[in-house]
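Structural description and commentary
Each chain is listed here by its residues.
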Amino acid sequence: MRDLSPATLTSLAVGLLVLLVVGAWSIFHTPPRPELPPPRAGEAIKAEPPRSVDPELLPTISYSPAPVSLSTRASMPPRPTHRPTRPPTRKPSPTPSPSSPRPPAPRSDELTPLPPSQEPYLRSAGGGPETFIDFANARAEAVIVYWLDYDGHRQQYAVLQPGQSYRQQTYVGHPWVVTNGQGFGLVCFQPVDRTMRAVIR
């Protein structure tokens, strides 16, 4: 085998170096993720004037009379003034009664509400189809609607007064969180591929 000239050795070394750089570039270069633009704020939002709230959507508070009235208090035995020296016993946990109030189940045209504790784990992901959410405030206080961006940060989109609602353009895979006026999370929503209501109770 004959000796290679210095020019040939140099060109081989440069060729190998170019192959290494191109190979490393293709390995470490990740293509940009297909993120969709953020939801439109001005084009697709349709604000409605405040309207009367459906009584079924408002939370109900019921008060029951005190278990002891003034007339029956006199006939009750006096309370002991000293505590018993028995070791404390653990009481069994109460079981829910069939008449205990439960949060109303969402109707077929409503998005399933997610607890606000899910917010730290939610962030927008690109690639979903365009859709709409009809936000409706059924609370007795103003609420704030936020889009959770690609980093999971809140981006404010609307303030809804009691009884007010509006339609928001969004994408499947873009979560939303609703808070009270102090910024405490009330509920989260994940849009689906058709227009649905998001009722804030």
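Residues numbered from 1 in each chain as written. Predicted model: local features only at pLDDT ≥ 70, side-chain atom pairs only at ≥ 80, totals over all residues. Heavy atoms only, no water.

An unreviewed UniProt entry annotates the chain as von Hippel-Lindau disease tumour suppressor beta domain-containing protein originating from Micromonospora mangrovi.

Along the chain, Thr179 falls in strand β6 (residues 176-179). On the basis of relative accessibility, which here comes to 0%, the residue Thr179 falls in the buried class. Distance in space between the C-alpha atoms of Thr179 and Pro116 is 8.8 Å, their sequence separation being 63 residues. When residues no more than four places from it in sequence are discounted, the contact partners of Thr179 are Val143, Ile144, Tyr146, Arg154, Phe184, Gly185 and Leu186. (Helix = DSSP H or I, 4+ residues; strand = E, 2+ residues; numbered from the N terminus. Buried < 20%, exposed > 50% of the residue type's maximum accessible area, 1.4 Å probe, protein only. Contact = heavy atoms within 4.5 Å.)

Below, the discussion takes up the side chain of Gln164. Summarising the element assignment, Gln164 is placed in the loop between β4 (154-160) and β5 (165-171). Polar side-chain contacts of Gln164 include one of 3.0 Å to the backbone nitrogen of Gln161. (Polar contact = N/O pair within 3.5 Å; in protein donor to acceptor, adjacent residues only side chain to side chain.)

Strand order in this open sheet of 4 strands is β4-β3-β6-β7, and the pairing throughout is antiparallel. Edge positions in the open sheet fall to β4 and β7 (185-189), since each of these has one partner strand only. Across the sheet, the mean angle from the axis of one strand to that of its neighbour is 25 degrees, orientation sign disregarded. Bridging between strand β3 (residues 143-148) and β6 involves 4 bridges; their strand directions are antiparallel. Residue Val145 lies in a different strand from β6, and its bridge partner there is Val178. (Pairing = 2+ DSSP bridges. Axes fitted to C-alpha atoms, helices over the stretch in contact; angles between N-to-C directions.)

So, about the packing of aromatic side chains. All chains considered together, the criterion is met by 6 aromatic pairs. Considering the side-chain rings of Phe135 and Phe189, the 6.3 Å spacing of their centres and the 75 degrees angle between planes classify their relative orientation as edge-to-face. Within this pair, whereas Phe135 is found in strand β2 (residues 130-137), its partner Phe189 is found in strand β7, the two being separated by 54 residues in sequence. The ring of Tyr146 carries the charged tip of Arg154 above its face, separated from the ring centre by 5.3 Å. (Phe/Tyr/Trp six-rings, centres within 6.5 Å; stacked < 30°, edge-to-face > 60°. Lys NZ or Arg CZ within 6 Å of the ring centre and 35° of its normal.)

Moving on, we get to the nonpolar core. Membership of the largest hydrophobic core comes to 18 residues, with the highest contact counts inside it found for Phe135, Val145, Tyr166, Trp176, Val178, Phe189 and Ile200. Looking at this core, the elements with two or more residues in it are β2, β3, β4, β6, β7 and β8 (196-200). In contact with Ile200, other than residues within four places in its own chain, are Phe135, Ala136, Asn137, Ala138, Arg139, Val143, Val178, Leu186, Val187 and Phe189. Leu122, Ile144, Tyr146 and Val177 belong to the second largest nonpolar core, which has 6 residues in total. (Core = buried A, V, L, I, M, F, W, Y, C linked by side-chain atoms within 4.5 Å.)

Another aspect to go through is the confidence of the model for the chain. Here the chain shows a mean pLDDT of 74. Residues at 70 or above account for 57%. At the low end of the mean pLDDT range in the chain sits strand β1 (residues 46-47), at 44; at the high end sits β6, at 96. Low confidence marks residues 59-74, where pLDDT is under 50. Its contacts with residues over four positions away, or in another chain, come to 3 contacts. Across residues 97-102 the pLDDT falls below 50, and counting only partners more than four positions away or on other chains, this stretch makes 0 contacts in the model. (pLDDT = per-residue confidence, 0-100.)

Along the chain, Glu119 turns up in the loop between α2 (70-73) and β2. Contact partners of Glu119, with chain neighbours within four places excluded, come to Leu148, Arg154, Val177 and Cys188.

Time to look at the environment of Gly152. Relative to the elements of secondary structure, Gly152 occurs in the loop between β3 and β4. Through-space distance from the C-alpha of Gly152 to that of Trp176 is 9.9 Å; in sequence the pair is 24 residues apart. Not counting residues up to four positions away in its chain, the partners in contact with Gly152 are Leu122 and Arg123.

This brings us to the pattern of salt bridges. Using the criterion set out here, one finds 5 salt bridges in the structure. In this structure, the salt-bridge partner of Arg201 is Glu110, at a minimum N-O distance of 3.3 Å. Within this pair, whereas Arg201 is found in the segment after β8, its partner Glu110 is found in the loop between α2 and β2, the two being separated by 91 residues in sequence. What makes Arg201 partly exposed here is its relative accessible area of 31%. Asp134 serves as the salt-bridge partner of Arg167, at 2.7 Å between the closest nitrogen and oxygen. With a gap of 33 residues between them, Arg167 in strand β5 and Asp134 in strand β2 connect regions that are remote in the sequence. For Arg167, a relative accessible area of 31% corresponds to the partly exposed category. (Salt bridge = Lys/Arg side-chain N within 4 Å of Asp/Glu carboxyl O.)

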